[in-house]
Amino acid sequence: MSTFESLGLEPELLRAVAARGYTTPTPIQAGAIPAVLADRDVLAGAQTGTGKTASFVLPILQKLGQERGALPRVLILVPTRELAAQVADNVKAYGAHKPHRALCIYGGVGERPQIDGLKAGCDILIATPGRLLDLCQQGYCDLRGIRCVVLDEADRMLDMGFIHSIKRILKLLPAQRQSLMFSATYSEDIRGLAAGMLHDPVKVEVAARNTTAERVAQLAYRVPKEQKRQLLVHLFENGVGDEGPWQQALVFCRTKHGANRLAQQLEAAGISAAAIHGNKSQSARMRALGDFKTGRLRALVATEVASRGLDIKELPQVVNFELPNVPEDYVHRIGRTARAGSSGAAVSLVSPDEAGLLRDIERTMRQSVPFGTLPPLPAPEARPGARPEARRRAV
Ligand code: AMP
């Protein structure tokens, strides 16, 4: 087992760590601290509670040396004011024997004190993207001295719609710099952002179970592809077992076309439904979401991309009509149901060709998903265009 000394931390920091009462680095710290000290870019999969903040604050403080600078040298981007304050507390605690100054910049409060703070100078800037970009564009903030940028809770920042601000901020930074990214989940957007900003990153994965997945009651059904729709209708009408009909469910499909078709089929079966995906206009998406939130729609059929940032409180039911190709997307999907800390349920319809995907998901979560007994369903219907003999067999 590693110690903080063995990670290469300097005495000033070891004293501060000891003062906090920490004796052993957490896994994320053991993985990230040596990499950051070695000037490597880092991509870390870690949630709050894993000790992730110290895993970047400690080595960053060490790399700042003992001098103060005229311009900020470290930029830590965070999604919320609360997290900014938390990171600042960590900088203060771990930097107790260091001379560096940290400044927090976030929206929702007056700009003036923050502008004054920037004028007074700081070494570490901790900021939410929107306000920071604002102050940069007004000429109050000069990011040309940044040597290290951290994206903390990158997935949450993207969920909150900060992607464009982040990209603009990154353009204001020197190309020669170190970049660190922390994210609890790896969606396609996160992977894209990482590919664009990280150079040959050291990847640090924390073995801790995903707490989102733990909070959500999960169930899978083995079901032939052509019976998935009937099973879904059955679940809307009867629920799992005899729990009673589902009021509402967010249903995930893999393709836009599939989402459209399923929404139509549900409608035809008497279940009010709408599809949301990338081909729908923003106003159509907002309308569908609004109708779902007010209860006018029982089913919202979504593709992966369209699901980002959907904050639907107290949604009890998520259905994976098709499993995602990427295990992390599964965690992301089912996370939609337990947003407000409510316990939820995620049901996956797994056709034989998706068995491998489910195994990957279970491996990633370090948790197995129990199978439910398939309820009696009508025989699969022939698909239009199916060969006549297939159609005969189906009836
Ligand atoms: P974080 O994931 O950064 O939000 O940290 C979660 C909590 O773990 C915070 O209260 C930290 O102060 C604490 N913590 C961080 N590193 C350690 C460690 N090595 N040993 C024990 N607790 C720690």
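Residues numbered from 1 in each chain as written. Predicted model: local features only at pLDDT ≥ 70, side-chain atom pairs only at ≥ 80, totals over all residues. Heavy atoms only, no water.

### Things to note about helix H9 (residues 188-197)
So, point 1. Burial in H9 covers these residues: Ile-190, Leu-193, Ala-194 and Met-197. The buried residues of H9 all sit within an arc of 100 degrees when viewed along its axis, so they share a single face. Away from its buried face by more than 90 degrees, H9 exposes Glu-188, Ala-195 and Gly-196.
So, point 2. Elements in contact with the buried residues of H9: strand S1 (42-45), strand S5 (148-151), helix H7 (154-159), helix H8 (163-171) and strand S6 (178-183). (Buried < 20%, exposed > 50% of the residue type's maximum accessible area, 1.4 Å probe, protein only. Helix = DSSP H or I, 4+ residues; strand = E, 2+ residues; numbered from the N terminus. Arc of directions from axis to C-beta. Contact = heavy atoms within 4.5 Å.)

### Overview of the pairing of strand S9 (residues 249-252)
So, point 1. Burial of the side chains of S9 extends over both faces: Ala-249 and Val-251 are buried on one face and Leu-250 and Phe-252 on the other.
So, point 2. Examined bridge by bridge, S9 and strand S11 (residues 299-302) share 4 bridges and lie parallel to one another. Along S11, the bridge assignment pairs Phe-252 with Ala-302.
So, point 3. The pairing of S9 with strand S12 (residues 317-320) spans 3 bridges and is classified as parallel. Its bridge partner lying in S12, Phe-252 is registered against Asn-320. (Pairing = 2+ DSSP bridges.)

### A word on the site of the ligand
So, point 1. Taken together, 14 residues sit near the ligand, with Tyr-22, Gln-29, Gly-49, Gly-51 and Thr-53 positioned nearest.
So, point 2. Thr-24 places a polar main-chain atom, nitrogen or oxygen, 2.9 Å from a nitrogen atom of the ligand.
So, point 3. Take Gln-29: an N or O atom from its side chain is 2.7 Å from a nitrogen atom of the ligand.
So, point 4. Notes on the ligand: free accessible area 500 Å², of which the protein chains cover 71%.
So, point 5. Residue composition of the shell around the ligand, by class: 3 nonpolar, 9 polar and 2 charged. (Near = heavy atom within 4 Å. Polar contact = N/O pair within 3.5 Å; in protein donor to acceptor, adjacent residues only side chain to side chain. Areas by Shrake-Rupley, 256 points an atom, 1.4 Å probe, with all protein chains shown as cover. Nonpolar A, V, L, I, M, F, W, Y, C, P; charged D, E, K, R; others polar.)

### What about the packing of aromatic side chains?
Aromatic ring pairs are reported here in terms of the distance separating the ring centres and the angle at which the planes meet.
So, point 1. Tallied over the full model, the rule gives 2 aromatic pairs.
So, point 2. Look at Phe-56 and Phe-182: their rings are 5.0 Å apart centre to centre, the planes differ by 55 degrees, and that puts the pair in the tilted class. Here Phe-56, found in helix H3 (residues 52-63), pairs with Phe-182, found in strand S6; they are 126 residues apart in sequence, far enough to count as distant. With respect to burial, Phe-56 and Phe-182 carry one shared label: buried.
So, point 3. With a centroid separation of 5.7 Å and 70 degrees between ring planes, the pair formed by Phe-236 and Trp-246 is classed as edge-to-face. Of the two residues, Phe-236 is situated in helix H11 (residues 228-238) and Trp-246 in the loop between H11 and S9; the sequence distance between them amounts to 10 residues. Accessibility classification places Phe-236 together with Trp-246 in one group, the buried group.
So, point 4. Note that Arg-20 overlies the ring of Tyr-94, its terminal NZ or CZ placed 5.3 Å from the centroid.
So, point 5. Taking the ring centre of Phe-321 as reference, the NZ or CZ of Lys-228 above it sits at 5.8 Å. (Phe/Tyr/Trp six-rings, centres within 6.5 Å; stacked < 30°, edge-to-face > 60°. Lys NZ or Arg CZ within 6 Å of the ring centre and 35° of its normal.)

Fair warning: the whole summary comes from geometry, so function is off the table for now.
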